[in-house]
Amino acid sequence: MTHDERRVLRAFEEACSASIVSGFAVERVLARDLDDGGWGSFAMCVDGVEATRGMFAAEMKYSDADGAPVLVSFYVSETGVPASVEFWRVGDGARQCVPDVLPAVVLARDVR
């Protein structure tokens, strides 16, 4: 798992730990790249088990280096095990960055 992937996952862990996600530590997570055209999405394996993507839990939004909007979504299994972090970039091309200061995480119940 890259440094940026770990930072993004830690932000989701901190925002969701009390209400959505069953206890997990970022240190116990292994990442597997998803085939998303270079946007950086990854599935997770926690303690040797890869969870099935079940429900949308939270998101964050930021602007890529070229100004293109990027939406980062966090998905968990039906039992609250982290399943994937998926990056969605507007426009063509690979995601260019993750900002040094991460934007606020919005929980699924607050997304409008």
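Whatever comes next refers back to the structure up there.
So, here is what we can say about the structure in this document.

Here is what the cut-offs are and how they apply
- Residues numbered from 1 in each chain as written.
- Predicted model: local features only at pLDDT ≥ 70, side-chain atom pairs only at ≥ 80, totals over all residues.
- Heavy atoms only, no water.
- Helix = DSSP H or I, 4+ residues; strand = E, 2+ residues; numbered from the N terminus.
- Buried < 20%, exposed > 50% of the residue type's maximum accessible area, 1.4 Å probe, protein only.
- Contact = heavy atoms within 4.5 Å.
- Areas by Shrake-Rupley, 256 points an atom, 1.4 Å probe, with all protein chains shown as cover.
- Lys, Arg positive; Asp, Glu negative; His and termini not counted.
- Charge placed at Lys NZ, Arg CZ, Asp CG, Glu CD.
- Salt bridge = Lys/Arg side-chain N within 4 Å of Asp/Glu carboxyl O.
- Polar contact = N/O pair within 3.5 Å; in protein donor to acceptor, adjacent residues only side chain to side chain.
- Core = buried A, V, L, I, M, F, W, Y, C linked by side-chain atoms within 4.5 Å.
- Phe/Tyr/Trp six-rings, centres within 6.5 Å; stacked < 30°, edge-to-face > 60°.

### Observations concerning the overall build of the chain
- The number of helices and strands found in the chain is 1 helix and 7 strands.
- When the helices and strands of the chain are listed from N to C terminus, the series reads α-β-β-β-β-β-β-β.
- For the C-alpha atoms alone, the extent of the chain along its principal axes is close to 35 × 30 × 25 Å.
- For the chain, the proportion of its 112 residues judged to be buried stands at 43%.
- Expressed as a percentage of contacts within the chain between residues at least 6 apart in sequence, the contacts between residues at least 24 apart total 57%.
- Here the chain displays about 6,000 Å² of accessible surface, and carbon together with sulfur accounts for 53% of that area.
- Averaging the positions of the 11 positive and the 18 negative side-chain charges in the chain gives two centres separated by 4 Å.

### Description of the side chain of Asp 36
- Examined against the element boundaries, Asp 36 turns out to sit in the loop between strand 1 (29-33) and strand 2 (42-46).
- Nearest to the buried, unbridged Asp 36 among oppositely charged side chains is Arg 95, at 6.8 Å.
- Polar contacts involving the side chain of Asp 36 include one to the main-chain amide nitrogen of Gly 38, which spans 3.3 Å.
- With residues up to four places along the chain from it excluded, the contact list for Asp 36 reads Ser 41 and Phe 87.

### Quick word on the nonpolar core
- Formed by 23 residues in total, the largest nonpolar core has its most connected members in Val 8, Phe 12, Val 72, Phe 74, Val 85 and Phe 87.
- If you list the elements that add at least two residues to this core, you get helix 1 (3-16), strand 2, strand 4 (55-63), strand 5 (69-76) and strand 6 (82-89).
- With residues near it in sequence (within four places) discarded, Val 8 still touches Met 60, Val 72, Val 85, Phe 87, Val 98 and Leu 102.

### Section: the packing of aromatic side chains
- Within the structure shown, the criterion is met by 3 aromatic pairs.
- Seen from their ring centres, Phe 12 and Phe 74 are 5.0 Å apart, and the 10° between their planes marks the pair as stacked. Here Phe 12 is found in helix 1, whereas its partner Phe 74 is found in strand 5, with 62 residues between them in sequence.
- Given the relative accessible area of 0%, Phe 12 is considered buried.

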